[in-house]
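# Summary of structural features
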Amino acid sequence: MLTSTDTSDKTYTCVVTDSYLSATYTSSVATLTALAIKTNPTSVTVVSTDAPVTITCVATADSSLTISWYKGSTALTSSNSQSFSTETSGTETTGKVILSVINKDSAGDYYCKANYAQNGDFNGGSFTSSSATVAVISIVEDYLLYDNQMNKLPLYAQITKERDLTCVAIGNVEADSVTWEHSMASMADVGNPTSTKTYSSTTKKTTSTLSWTNTPQAASGLYTCTFAYGAKQVETERLLEVVSGVKMLPPESIYVSSSSMVTFTCHFVLEESFYSSEWYGSKWSGTLTSLDGKPGYQKQLDTSSASELIVDPTVTDVFDTYVFYIRTAHSGTKYYSDPAHLYLREFQMDTPSSPGTKAVGTAQTMACHFYGDLTNSIKWFNGASEVEQVSGKLSYSTTVWDGGMQSSTLIFDSPSSSDSGSYMCQAVVTHGATTYISANAYLGFPESIPRVSCTRWWGQASL
């Protein structure tokens, strides 16, 4: 009987000896295939766009096998992100796990187990393959600056005089190498910066830093940072702007309809060190020298490249316009940022203007106004049906005015009678994702508008 510890095929013959006839009879050779893993799964490095990814193992036995899959010590089961297949051809059974979704949870060590139930000349048993590592890699983009609506600011990864450029990739394996390239020049032409690469097994991050001893003006420009994991690569970009004097990324205006604290941030880079910095408020005479005890102010936080002003918008006399300035140490020159505004209003929406009944084919518009918090989306409805924009016939546009007021205009370029109905607009605001719906406004386009004439004849009116 072949057991699960047998790792090689066995051959058998049957010999029968007839003592009466002094004859020997030998059967043909019979071969029993040992239960074994023929092909182990192979490690792979992937990114999210590589899905689906298939991991394969092949086992051999004299009869059909069942193959199960494990990730670490956990048995895998079918789900929306993974599925399994098994095919048998002769003595070989091929098992596959298909990863249809690739994310950070896909990373790990996978292995298969071939199981054989007791049957005839075989004891029940199983064989386990060696493990294969699925390395999932991605670029970490959290270096970017964000405005107060959490939109990425365009390309200002770094604005600096003498600061390192850094890029980070995350994955359960370390990058083999990292290369930096300037979009327009060689590394020699931009000052021969040096690059380093480190890996943290705790955070699973490979970090590369490009450094200058003294950053020349020619170093300005767009850099590509490429992480290589074998044949697989991921890359990101960094913008370096070597400034002369002062470079400011001014604070963004903030729209709030809640009681949470808000933070204004002004990013800056100086060619020379700064002597002092300050924030102005339009409802305060002079600068905000001492923030303690001032209405609406919590604190001002300064670093060598940014200043933050934290404001409590629930205070009624909170300042509504803010300007930041820096005074340099050497020349004493003052540099001012563009102003930022705090709009503190509860969201309001008016009823769309109602044109009433109009002739077919006559261009018409309806407008709905919003006040306060900015919106993520604005839609129009005719009854319960969302209005679909049709080029040259029906469209709507949105305009934003300073002060937190928006207007959405529904435009009928060439209306027909089917466009008649009760219209309303819907807005989903940025903070809290709250949905607001306006009241209905009627607009009618009948096939014809009756014309009435009145003629006076002998003191009587006839229609």
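None of the values given here were measured: they were computed from a predicted structure.

## Comments concerning the environment of M366
Mapped onto the fold, M366 is located in strand 33 (residues 364–371). Judged by relative accessible area, which is 0%, M366 ranks as buried.

## Here we look at the side chain of H182
With respect to the helices and strands, the residue H182 is situated in strand 17 (residues 177–182). Reaching out from H182, the side chain makes a polar contact with the backbone nitrogen of A185 at a distance of 3.1 Å. Within polar-contact distance, the side chain of H182 engages the backbone oxygen of S220 at 3.0 Å. Residues within four places of H182 in sequence aside, it is in contact with M187, V190, A218, A219, S220, G221, L222 and Y223.

## Describing the pattern of salt bridges
Two side chains with opposite charge may pair up if their charged atoms get near one another. This structure, assessed with the given rule, holds four salt bridges. Across the pair D105 and K104 runs a salt bridge, and its minimum N-O distance is 4.0 Å. Like K104, D105 is exposed. As a salt-bridge pair, K197 and E174 come within 2.7 Å of each other at their nearest N and O atoms.

## Regarding the packing of aromatic side chains
Counted according to the given criterion, the structure contains five aromatic pairs. Ring centres 5.9 Å apart and planes at 80° place the aromatic pair W212 and Y223 in the edge-to-face group. With W212 in the loop between strand 19 (205–211) and strand 20 (221–229) and Y223 in strand 20, the pair connects residues that are eleven residues apart, well separated along the chain. Using a relative accessible area of 10% as the deciding quantity, one classes W212 as buried.

## As for the state of the cysteines
For the coordinates displayed, the defined rule picks out three disulfides. The side chain of C57 participates in a disulfide bridge whose partner is C112; the two sulfur atoms lie 2.1 Å from each other. The sign of the S-S torsion, about 120°, decides the handedness of the disulfide formed by C57 and C112: right-handed. Placement of the pair is C57 in strand 7 (residues 53–60) and C112 in strand 12 (residues 108–116), with a sequence separation of 55 residues. Of the two residues, C57 and C112, both sit in the buried class. Described in terms of the sequence order of its bonded cysteines, the disulfide pattern of the protein is 1-2, 3-4, 5-6.

So, how was this worked out
Residues numbered from 1 in each chain as written. Predicted model: local features only at pLDDT ≥ 70, side-chain atom pairs only at ≥ 80, totals over all residues. Heavy atoms only, no water. Helix = DSSP H or I, 4+ residues; strand = E, 2+ residues; numbered from the N terminus. Buried < 20%, exposed > 50% of the residue type's maximum accessible area, 1.4 Å probe, protein only. Polar contact = N/O pair within 3.5 Å; in protein donor to acceptor, adjacent residues only side chain to side chain. Contact = heavy atoms within 4.5 Å. Salt bridge = Lys/Arg side-chain N within 4 Å of Asp/Glu carboxyl O. Phe/Tyr/Trp six-rings, centres within 6.5 Å; stacked < 30°, edge-to-face > 60°. Disulfide = S-S within 2.5 Å.

Read these as geometric descriptors, not functional statements.
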